[in-house]
Amino acid sequence: MKLGHISDLHIFAYEQSSPRRFLNKRIVGGTNILLNRSKSHSPLVVQAALDMLDSFEVDHIAITGDLTNLALEEEFRAAANVIAGITGAEERVSVVPGNHDYYVPEIQENGTFERHFEQYQRSELPSYQLENGYPFCKFLGDDIALIGLNTGIASPPMFAVGKVDARELRSLEQMLDDPKLRDRYKIVMLHHPLLPFEHSKVEYTRRLINANEVLDVLRWKNVDLAIHGHNHYYHQLELPHLGAPGTLHICEAGSTSVSSSKNPMSGGKFNIYTIEDGRLLKIETYLFESDGAGFTPWREVNIESA
């Protein structure tokens, strides 16, 4: 089974309407877009990544949040249109939100993100889902379970923190104890990273608030792979399970939509994970080089020989 992983699409769309929508944190984010982000993130790069993943015939695509910039209704529609263009999207795509998708409190209160992407969050184990739809679980083939967590919360200006709701975390623990998951290779997808980001000067304002608690659950319950976004930086490491022999692999490719970067570690990228017979065999990372070259192979990690 091949799982494609893209993240941090940061699709921007704006329709002239009431300026009251910007009398909040959006005025800070909108200024950042005008000065910086719109120059470095491109929907054309996202489409190039999706076209390549289709050409590779990956079995499933996980999108780990920040589909939008300001959580505007028109951005959600634009992102939904991009995802709907994926072949067999409703069966082949899973989506969780990031902090940009919950940019202001009313997005969470109104379930705006979930309204646009609920068809990619259907669960094989609905009894564990809270009212907001998380955590959800999809069975991929006969031996893989993909679980979606929500770390998105609205935060003050200049903050991009996340948190997994305590009730959601308890439900995740119960789900991971379900006999239907016991013999499956278990993957958890979420937006915020589980460990401090060593290259950030402002980690406190960008962190997953209860990262230690979430990580403990994943390690005690023998989750095999955790994939995330948020840092826009390539990352891959391994931690031992705490509940039994085994390894938790934690991976981020970066922001898929970045069109140019002097440092390839923070360039536009996506990952492909090859999983067979209950084992992660290989992680392939593709880097966006240029409009002409598109995405090219950048790094390959063979787990058995890593």
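For clarity, every value in this text was computed on a predicted model and none was experimentally measured. (Residues numbered from 1 in each chain as written. Predicted model: local features only at pLDDT ≥ 70, side-chain atom pairs only at ≥ 80, totals over all residues. Heavy atoms only, no water.)

### A short note on the pattern of salt bridges
Turning to step 1, where the next piece is worked out: The final tally for this structure, using the stated rule, is 5 salt bridges.
Turning to step 2, where the next piece is worked out: Of the charged contacts, one joins Arg167 and Glu131 as a salt bridge, the two residues approaching to 3.0 Å between their closest N and O atoms. On the criterion of sequence distance, the pair formed by Arg167 in helix H7 (residues 166-176) and Glu131 in the loop between helix H6 (112-117) and strand S4 (136-140) is long-range, its members being 36 residues apart.
Turning to step 3, where the next piece is worked out: Notably, a salt bridge pairs Asp177 with Lys221, separated by 3.0 Å at the nearest N-O pair. (Salt bridge = Lys/Arg side-chain N within 4 Å of Asp/Glu carboxyl O. Helix = DSSP H or I, 4+ residues; strand = E, 2+ residues; numbered from the N terminus.)

### What about the sheet that holds strand S10 (residues 269-276)?
Turning to step 1, where the next piece is worked out: An order of S3-S2-S1-S10-S11-S12 is seen for the 6 strands of this open sheet, with the pairing classed as mixed. Looking at the sheet topology across the chains shown, the edges are occupied by strand S3 (93-96) and strand S12 (294-302). Each neighbouring strand pair of the sheet contributes to a mean axis angle of 20°, computed without reference to strand direction.
Turning to step 2, where the next piece is worked out: Note: strand S11 (residues 279-290) against S12, 8 bridges, orientation antiparallel. Bridged to Ile283 within S12 is Val301. (Pairing = 2+ DSSP bridges. Axes fitted to C-alpha atoms, helices over the stretch in contact; angles between N-to-C directions.)

### Regarding the packing of aromatic side chains
Turning to step 1, where the next piece is worked out: Under the counting rule described, the total for this entry stands at 10 aromatic pairs.
Turning to step 2, where the next piece is worked out: Consider the rings of Phe197 and Tyr233, whose centres lie 5.4 Å apart with planes at 65°: the pair is edge-to-face. Here Phe197 is found in the loop between strand S6 (185-189) and helix H9 (211-220), whereas its partner Tyr233 is found in the loop between strand S7 (225-227) and strand S8 (235-240), with 36 residues between them in sequence. Neither Phe197 nor Tyr233 differs from the other in exposure class; each is buried.
Turning to step 3, where the next piece is worked out: Aromatic side chains Phe270 and Phe295 sit 5.1 Å apart centroid to centroid with 55° between the ring planes, which places their arrangement in the tilted category. Remark: Phe295 occurs in strand S12 and Phe270 occurs in strand S10; sequence separation between them is 25 residues. (Phe/Tyr/Trp six-rings, centres within 6.5 Å; stacked < 30°, edge-to-face > 60°. Buried < 20%, exposed > 50% of the residue type's maximum accessible area, 1.4 Å probe, protein only.)

### Overview of the pairing of S8
Taken residue by residue, a regular strand's side chains alternate between the two faces of the sheet.
Turning to step 1, where the next piece is worked out: As paired elements, S8 and strand S9 (residues 247-252) share 6 bridges and run antiparallel to each other. If you follow Glu238 over to S9, its bridge partner there is His249.
Turning to step 2, where the next piece is worked out: What sits between the antiparallel neighbours S8 and S9 is a turn of 6 residues, in which Gly246 has the positive phi angle 140°.

### Some remarks on the packing of H7 against H9
Turning to step 1, where the next piece is worked out: Interhelical geometry of H7 versus H9 gives an angle of 5° and a closest axis separation of 10 Å. What the angle tells us is that H7 and H9 run roughly parallel. Across the interface between the two elements, Leu169, Leu172, Glu173 and Leu176 of H7 pack against Glu213, Val214, Val217 and Leu218 of H9.
Turning to step 2, where the next piece is worked out: Partitioning the contact of H7 with H9 into residue classes produces 6 nonpolar, no polar and 2 charged. (Parallel < 35°, antiparallel > 145°, perpendicular 65-115°, else oblique. Contact = heavy atoms within 4.5 Å. Nonpolar A, V, L, I, M, F, W, Y, C, P; charged D, E, K, R; others polar.)

### Observations concerning unusual backbone geometry
Turning to step 1, where the next piece is worked out: With an omega of -5°, the peptide bond between Tyr134 and Pro135 qualifies as cis.
Turning to step 2, where the next piece is worked out: Within the secondary structure layout, Pro135 lies in the loop between H6 and S4.
Turning to step 3, where the next piece is worked out: Notably, His10 is not glycine yet its phi reads approximately 50°, a positive angle.
Turning to step 4, where the next piece is worked out: A positive phi angle is found at Asp277, which is not glycine, with a value near 50°.
Turning to step 5, where the next piece is worked out: Residue position: Asp277 is located in the loop between S10 and S11.
Turning to step 6, where the next piece is worked out: By relative accessible area, which is 69% here, Asp277 ends up exposed.

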